[in-house]
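# Close look at the chain arrangement
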Amino acid sequence: MPRPLGELEDAVMTRVWKWNRPVTVREVLEDLQKERSIAYTTVMTVLDNLHQKGWVRREAEGRAYRYEAVSTRAAYAAALMNEAWSQSDNAAAALVAFFGMMSEEQRQALTDAVRIVQLPETPADENPGSAEGRSGR
């Protein structure tokens, strides 16, 4: 798992994830400047670092780049939780402590997530919407 994002990296990635499209340094800069004083070159460096670390991919557009997230914020959060959990010498105790810190809304999200991953899978040949079902296998 990559190390957690730094404060400025997180601020930049928050915008990339929120906008969910390729972004330019200028777009990120202008949005960040609503909250803080920051230079174009700083944002450019952060996005370049994020590219080198594998958080974003980039595509040249003229003399500049457009940057796009490689994965979702949810995947990032899940990786952080997994890394933290794996540091415990007692996984059950760590989970109990974590659940105790959760809000009611978070506990409901957990219940919903567990329900989703526990749904029984329908065999592909019994699912008329699957490729196998359509091909007559």
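Residues numbered from 1 in each chain as written. Predicted model: local features only at pLDDT ≥ 70, side-chain atom pairs only at ≥ 80, totals over all residues. Heavy atoms only, no water.

Before going further, it helps to examine the nonpolar core. Counting 21 residues, the largest nonpolar core has Val12, Met13, Val16, Val43, Leu47 and Leu50 as its most contacted members. Breaking this core down by element, the ones donating at least two residues are helix H1 (7–19), helix H2 (25–32), helix H3 (40–52) and strand E2 (64–69). In terms of residues, this core owes the most to one element, H1, which gives 5 residues. Contact partners of Val16, with chain neighbours within four places excluded, come to Arg21, Val23, Leu47, Val56, Glu68 and Ala69. (Core = buried A, V, L, I, M, F, W, Y, C linked by side-chain atoms within 4.5 Å. Buried < 20%, exposed > 50% of the residue type's maximum accessible area, 1.4 Å probe, protein only. Helix = DSSP H or I, 4+ residues; strand = E, 2+ residues; numbered from the N terminus. Contact = heavy atoms within 4.5 Å.)

Topologically, Glu9 is positioned in helix H1. A polar contact of 2.8 Å, which involves the side chain of Glu9, links it to the backbone nitrogen of Gly6. When near neighbours in sequence (up to four residues on either side) are disregarded, Glu9 contacts Arg3, Val46, Leu50 and Lys53. (Polar contact = N/O pair within 3.5 Å; in protein donor to acceptor, adjacent residues only side chain to side chain.)

The interhelical angle for the contact between H2 and H3, taken along N-to-C directions, is 120 degrees, at an axis separation of 9 Å. If you check the angle between H2 and H3, you find them oblique. Along this stretch, H2 crosses H3, giving a crossing that reads as right-handed. Counting all contacts with H2, which are made through Val25, Arg26, Val28, Leu29 and Leu32, the residues of H3 involved are Tyr40, Val43, Met44 and Leu47. Residue composition of the contact of H2 with H3, grouped by class: 8 nonpolar, no polar and 1 charged. (Axes fitted to C-alpha atoms, helices over the stretch in contact; angles between N-to-C directions. Parallel < 35°, antiparallel > 145°, perpendicular 65-115°, else oblique. Left-handed = near helix turned anticlockwise from the far one by under 90°. Nonpolar A, V, L, I, M, F, W, Y, C, P; charged D, E, K, R; others polar.)

We now examine the packing of aromatic side chains. Tallying each qualifying case throughout the model produces 4 aromatic pairs. A centroid spacing of 5.1 Å and a plane angle of 85 degrees characterise the contact between Trp55 and Tyr76, whose relative ring orientation is edge-to-face. Here Tyr76 lies in helix H4 (residues 73–86) and Trp55 lies in the loop between H3 and strand E1 (56–61), a separation of 21 residues in the sequence. Ring geometry for Phe98 and Phe99: centres 6.3 Å apart, planes at 45 degrees, overall tilted. Overall, the relative accessible area of 33% leaves Phe99 in the partly exposed class. Joined through ring pairs, the aromatic side chains of Trp17, Trp55 and Tyr76 make up one cluster. (Phe/Tyr/Trp six-rings, centres within 6.5 Å; stacked < 30°, edge-to-face > 60°.)

Moving on, we get to the pattern of salt bridges. What the rule picks out here adds up to 13 salt bridges. For Lys53, the salt bridge is made with Glu9, and the minimal N-O distance between the two is 2.5 Å. Of the two residues, Lys53 sits in the loop between H3 and E1 while Glu9 sits in helix H1, which places them 44 residues apart along the sequence. Accessibility expressed as a relative area gives 37% for Lys53, which makes it partly exposed. When its relative accessible area of 10% is taken as the criterion, Glu9 is described as buried. Residues Asp31 and Lys34 are paired through a salt bridge, measuring 3.2 Å at the closest nitrogen-oxygen approach. (Salt bridge = Lys/Arg side-chain N within 4 Å of Asp/Glu carboxyl O.)

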